[in-house]
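# Residue-level structure breakdown
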Amino acid sequence: MFSFFDTLVDSTASPPGEPPSGLRRFYWHFIRQAKGLFAALFMLGFALAVVDAVVPYLIGRLVSILSSVPRERVFDAAGHLLLIMATIVLVVRPLGTILFRLLVNHSIAVSFTTLIHWQNYWHVVRQPLAFFHDDFAGRLASRVTQTGRPLRDTIVSLVRAVWQILIFGATAIGLLGTQDIRLAAPMMAWFLFYGALLAYTLPKVQVRSRETSEMRSAITGKIVDTFTNMMTVKLFGRRSDDDTYMRDGFQRFQAAFARQQRLNTVYVFCLVCLNAILLATTGGIGVWLFSLGRVDAGTLTTAVLLTTQIIAMSNWVAFEISGIFENIGVVQEGMKTIAQPLSQLDRPDARPLAAPHGEIRFEDLHFHYTQPHRVVDGLSLTVGAGEKVGLVGRSGAGKSTLVNLLLRFYEPQSGRILIDGQDIAGVTEETLRARIALVAQDSSLLHRSIGENILYARHDADDEMMRDAARKAQADGFIDRLVDSKGRQGFEAFVGERGVKLSGGQRQRIAIARVILKDAPILLLDEATSSLDSQVEAAIQDALSDLMRGKTVIAIAHRLSTLQLMDRLVVMDGGRIVDQGSHAELLDRGGLYAELWAHQSGGFIVPQRPQGSRKR
């Protein structure tokens, strides 16, 4: 039975489109994927509310019968009524409640919530790289994983509380009105004032709930940022400053939460006063009508029972409504991340990239991150199939940006990039990156086993291929000695977040093993050996030579050992190509390359000169 309700919703279904930015449309984006389930929930809520209102009415009818017939005739007069009440109390209401809880606890709380989490992740992970550079990783993760529960709880609370009290109230007013309209008047007035109270307070609750959620998300992001960079925090020993920084975040959260709770307290106070007036007026009018002989004891009992039940429900609804708007605030805050439209999408007519040769052409490329500074300014360059080209230049010359544009992490403002004559803007992103391998200066690893990190490069590789790649990358020696905190050894050992349990050189060798396994026709090296000591670097040069054989290579490097492997060096400055040739030719010509090389013997490049003093 549980399995049936757990699987009513396909929790990992592909999303029907991008999450919209409007709040109502954002809710409907998910609700429509299980609209039959929520329709059943509303019908059940309707039925349960009517049953709850009918039971006090039946009790009142029973009181009328008991007060008007001799004791020996009670079962004859009230037998059918007792049978109806027993059926409702023992069968109808328990079955309805159990079915309601099965839908809520399993189909919605389990499957539907997982669907929201999955589709949130599915959408956000497809955002471009720049999207993740603009925010805390912790805050992004918090918004993705914490939006499902409040979105679900909002809908369930609307059905369980708001919908049911409306149906209960309408049924109660109808039942009392058939006896005497004056008995129903206090309840009708109560609903009017209750609606006015909600109309006044709830918009303010929504705003303050959103502010609280934003402060909570911000402090979560700060905490994750601190924990992620714990070595820096420990290294500089600024505990007092860090405490002040975090204390400010917690105080902002406290102030926002306090404003929200003050409004909630005022709302509850007004509701308590309304409830007291409702009970007093209903009881007073009921007794007065009873004294006039207009209603009997059963009707008075029904009126008092329905009133006390409305009061009990209103206190519960007050709590639920407060939760509803707190949840809406969380959802609105999460929408800032989740409801962002995807950029850099594949074109509708995008086709797979065919790269049998691997020739790369940059044609009149212009790119800037922010105006007016251009990082790449009218650059044109052809890298022949199988050619090995090294990019050199000062920091900020545009070398890494050129690599990022080739990988389509960013789109150029003008110009184009072609691989074997195909504009990469018109090919699918996945096939483009499947044919390009990158070893970056700081290669981060997934918090998984070493084996999983290497196999991440190629889904069809087996363990033997993985181990062979590790041997070629000179990584098998240290891998065999690794043991993690849970006793997993060798290729089964976990590397920690971003590979923090490994040294920089070890991480780099794992990254190189991953690229060896990928075996893509185009290879990008961005300071690929910068984290290796001289002995390990010398040992790995053979592996890099083998890796580069037959491939088109673009390498960003300052170290002679890597540059000597290149067929041609391209010198960049200010986003343009200012010179190119072999290492010896560039040194003979002097110019910028010779100037840079003179300062590289110590392992660094001089800072960028002001524009007016640059040599030409």
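Owing to the predicted nature of the structure, the values given are computational and were not obtained by experimental measurement.

### Thoughts on the sheet that holds strand 2 (residues 376-383)
- Strands sit in the order 2-1-4-5 across an open sheet of 4 strands; the sheet is antiparallel. Edge strands, defined here as strands with exactly one partner in the open sheet, are strand 2 and strand 5 (422-423).
- Inspection of the sheet shows strand 1 (residues 360-367) paired to strand 2 by 6 bridges, in the antiparallel sense. What sits directly across from F362, in strand 2, is L381.
- Its contacts with the sheet place helix 12 (residues 399-406) against strand 1, strand 2 and strand 4 (414-419), and it is angled at close to 115 degrees to strand 1.

### What to know about the nonpolar core
- Residues F112, L151, M187 and W190 are the most contacted members of the largest nonpolar core, which totals 70 residues.
- Those elements that place two or more of their residues in this core are helix 2 (23-31), helix 3 (35-66), helix 4 (74-124), helix 6 (137-146), helix 7 (148-179), helix 8 (181-228), helix 10 (239-291) and helix 11 (297-338).
- Core analysis: the second largest hydrophobic core is formed by 44 residues, I479, L502, L517 and A528 among them.

### Brief notes about the domain arrangement of the protein
- Taken domain by domain, the protein consists of domain 1 (7-339) and domain 2 (360-602).
- Using only C-alpha atoms to locate each centre, domain 1 and domain 2 end up separated by 54 Å.

### Concerning the state of the cysteines
- This structure, assessed with the given rule, holds 0 disulfides.
- Not part of a disulfide, C270 finds its nearest cysteine sulfur in C273, a span of 6.6 Å.
- The class for C270 is partly exposed, based on a relative accessible area of 30%.

### Digging into the pairing of strand 4
- Alignment of strand 1 against strand 4, held across 5 bridges, turns out to be antiparallel. The residue bridging R361 from the neighbouring strand is L418, located in strand 4.
- Bridge count for strand 4 against strand 5 is 2 bridges, and the pairing is antiparallel. Bridge pairing in strand 5 places I419 opposite Q422.
- Hairpin connection, strand 4 to strand 5: the antiparallel pair is bridged by 2 residues, and D420 has positive phi, about 50 degrees.

### Brief notes about unusual backbone geometry
- Positioned with a positive phi, D420 is a non-glycine residue whose angle comes to about 50 degrees.
- Following the sequence through the fold, D420 ends up in the loop between strand 4 and strand 5.

### What to know about the UniProt feature "transmembrane region" (unreviewed entry) in the protein
- Sequence positions flagged by UniProt for "transmembrane region" (unreviewed entry) are, in local numbering, residues 37-59, 79-104, 158-177, 183-202 and 266-291.
- The span residues 158-177 carries 100% helix and 0% strand; its end-to-end C-alpha distance comes to 27 Å.
- With 100% helix and 0% strand, the stretch residues 266-291 has end C-alpha atoms that lie 38 Å from each other.

### Digging into a nonpolar patch on the surface
- Together, V89, L90, V91, V92 and L95 give the surface a local cluster of nonpolar side chains, amounting to about 460 Å² of exposed area.
- Counting through the fold element by element, L95 comes out in helix 4.
- Its relative accessible area of 55% is what places L95 among the exposed residues.

### Quick notes on the packing of aromatic side chains
- Across all of its chains, the model carries 12 aromatic pairs by this definition.
- Measuring from centroid to centroid gives 5.3 Å for F26 and F30, while their planes differ by 75 degrees, and the two rings are edge-to-face. With F26 and F30 both in helix 2 and 4 residues apart, the pair spans about one turn of that helix.
- For F26, a relative accessible area of 0% puts it in the buried group.
- An aromatic cluster is present here, built from F42, F46 and W163 joined pairwise through their rings.

### Some remarks on the sheet that holds strand 3 (residues 388-392)
- In spatial order, the strands read 6-7-8-3-9-10; together these 6 strands make up an open sheet with mixed pairing. Single-partner strands in this sheet number two, and they are strand 6 (436-439) and strand 10 (576-581). Here the average twist between neighbouring strands, direction ignored, is 20 degrees.
- In the sheet, strand 6 pairs with strand 7 (residues 522-526) via 4 bridges, with the strands oriented parallel. Each bridged residue has a counterpart across the sheet, and for I436 the counterpart in strand 7 is I522.
- Across the face of the sheet, helix 12 comes into contact with strand 3, strand 6, strand 7, strand 8 (552-556) and strand 9 (568-573) while running at roughly 145 degrees to strand 8.
- Most of the contacts of helix 17 (residues 504-518) go to strand 6, to which it runs at about 170 degrees, and overall it touches strand 6 and strand 7.

### Quick look at the side chain of D484
- Mapping D484 onto the fold places it in the loop between helix 16 (476-481) and helix 17.
- Within the structure, the side chain of D484 is placed 3.0 Å from the backbone nitrogen of F494, a separation counted as a polar contact.
- When residues no more than four places from it in sequence are discounted, the contact partners of D484 are E492, A493, F494 and K501.

### With respect to the packing of helix 3 against helix 7
- Contact pair helix 3 / helix 7: the axes reach a minimum separation of 8 Å and the direction vectors enclose 35 degrees. Between helix 3 and helix 7 lies a crossing whose hand is right-handed. Each of F38, L41, F42, G45, F46, L48, A49, V50, D52, A53, Y57 and R61 in helix 3 lies in contact with helix 7, whose residues at this interface are I155, V159, W163, Q164, I167, F168, T171, A172, L175 and Q179.
- Looking at side-chain class alone, the contact of helix 3 with helix 7 contains 16 nonpolar, 4 polar and 2 charged residues.

Calculation rules
Residues numbered from 1 in each chain as written. Predicted model: local features only at pLDDT ≥ 70, side-chain atom pairs only at ≥ 80, totals over all residues. Heavy atoms only, no water. Pairing = 2+ DSSP bridges. Helix = DSSP H or I, 4+ residues; strand = E, 2+ residues; numbered from the N terminus. Contact = heavy atoms within 4.5 Å. Axes fitted to C-alpha atoms, helices over the stretch in contact; angles between N-to-C directions. Core = buried A, V, L, I, M, F, W, Y, C linked by side-chain atoms within 4.5 Å. Buried < 20%, exposed > 50% of the residue type's maximum accessible area, 1.4 Å probe, protein only. Domains from an automatic or database assignment. Disulfide = S-S within 2.5 Å. UniProt positions renumbered as here; feature names shortened; annotations may be inferred. Patch = residues over 30% accessible without salt bridge, like charges linked within 9 Å, V, L, I, M, F, W, Y side chains within 5 Å. Areas by Shrake-Rupley, 256 points an atom, 1.4 Å probe, with all protein chains shown as cover. Salt bridge = Lys/Arg side-chain N within 4 Å of Asp/Glu carboxyl O. Phe/Tyr/Trp six-rings, centres within 6.5 Å; stacked < 30°, edge-to-face > 60°. Polar contact = N/O pair within 3.5 Å; in protein donor to acceptor, adjacent residues only side chain to side chain. Left-handed = near helix turned anticlockwise from the far one by under 90°. Nonpolar A, V, L, I, M, F, W, Y, C, P; charged D, E, K, R; others polar.

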